[in-house]
Amino acid sequence: MSAVLAAVPQPRDTDARDLPHWSEWLVGQLDPHWRADEWDGEMNIFTGSVDNPLTAAHYCRVVRCTAMVEAFNSYCSACEYHRRKKNTEDRADFAETHQPGVRYARPVGKAQFTLAPQSATVRTEILYALQQRDQMEVILVPARVRHLTGKLPAGLRSLFDLDPGFAASLEKL
Ligand SMILES: [Zn+2]
């Protein structure tokens, strides 16, 4: 997780607190067309596409299920719950035969993350980091970004305002 943070460049200018200038400069570095089918820049929500090999997003292993999971060939939590309740002999073709029930829509799904609660500067910093990682073909795991953003202090103005020990305090995912 600290790798995302590490991909944010140090402000070139001497004063990292000059946020308007820093933020403006960083916005200029962003690719406005970044992952156009996954990133909604108006809502600030990322929804992973199963068609992007650089995203950890796959359909649930159950053929009729449309839920997204992060690990290839795995079951969503609802299907896994039903699979566990089955007898062993019924589990063999579970993926082919299970009929998922009504699914409750969740505000942020498995293959999603939102940057809406973050300040404009933090949002830009994270997007920049993710775009840099794309250039290195690092797979984007939405849960890791969710984990990171969930740990950011409320009202954070810039990632550079984080305590030096913050990255180390994140759980390894
Ligand atoms: Zn499922």
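Preceding this paragraph is the structure being described.
Quick caveat: nothing in here was measured; it's all calculated off a predicted structure.

Draft legend 1. Up close: the coordination of the zinc ion. Of the protein atoms, only C60 (SG), C65 (SG), C76 (SG) and C79 (SG) coordinate the zinc ion, at distances of 2.3 to 2.4 Å. Given four donor atoms and angles of 101 to 116° at the metal, the environment of the zinc ion is assigned as tetrahedral. Donor residues for the zinc ion sit on one chain with the sequence pattern C-x4-C-x10-C-x2-C. Taken together, the residues C60 in the loop between β3 (58-59) and β4 (68-69) and C76 in the loop between β4 and α3 (77-85) connect sequence positions 16 residues apart. Per residue, the accessibility class of C60 equals that of C76, and both read buried.

Draft legend 2. View of the nonpolar core. The biggest cluster of nonpolar side chains holds 28 residues, and the ones touching the most others in it are F113, L152 and L159. Taken together, the elements giving at least two residues each to this core come down to α1 (2-6), α2 (19-29), α6 (120-135) and α7 (142-151). A total of six residues in this core trace back to one element, the largest contributor, which is α6. Among all residues touching L159, those that are not within four sequence positions of it are L5, V8, V122, E125, I126 and L152. Residues C60, V69, Y75 and C76 belong to the second largest nonpolar core, which totals 10 residues.

Draft legend 3. Structural context of the sheet that holds strand β2 (residues 45-47). Pairing is antiparallel across the open sheet formed by three strands, whose spatial order is β1-β2-β5. In this open sheet, the two strands that pair with only one neighbour each are β1 (39-40) and β5 (112-114). Contacts from α7 reach β2 and β5, with the element oriented near 30° to β5.

Draft legend 4. Representation of the environment of G101. Examined against the element boundaries, G101 turns out to sit in the loop between α5 (94-97) and β5. Here G101 falls in the exposed class, since its relative accessible area comes to 56%. For the pair G101 and C65, spaced 36 residues apart in sequence, the C-alpha to C-alpha distance is 9.0 Å.

Draft legend 5. Broad picture of unusual backbone geometry. The backbone of R35 sits at a positive phi, close to 45°, despite the residue not being glycine. Mapped onto the elements, R35 comes out in the loop between α2 and β1. Look at R35 and you get buried, because its relative accessible area is 8%. Backbone geometry places N73, a non-glycine residue, at a positive phi of 65°. Within the secondary structure, N73 is located in the loop between β4 and α3.

Rules used throughout
Residues numbered from 1 in each chain as written. Predicted model: local features only at pLDDT ≥ 70, side-chain atom pairs only at ≥ 80, totals over all residues. Heavy atoms only, no water. Donors = N, O, S within 2.8 Å, 3.2 Å for Na, K, Ca; no water. Tetrahedral: all angles 85-135°; square planar, octahedral: opposite > 155°, others 65-115°. Helix = DSSP H or I, 4+ residues; strand = E, 2+ residues; numbered from the N terminus. Buried < 20%, exposed > 50% of the residue type's maximum accessible area, 1.4 Å probe, protein only. Core = buried A, V, L, I, M, F, W, Y, C linked by side-chain atoms within 4.5 Å. Contact = heavy atoms within 4.5 Å. Pairing = 2+ DSSP bridges. Axes fitted to C-alpha atoms, helices over the stretch in contact; angles between N-to-C directions.

In short, the description is geometric, and any link to function would need to be established separately.
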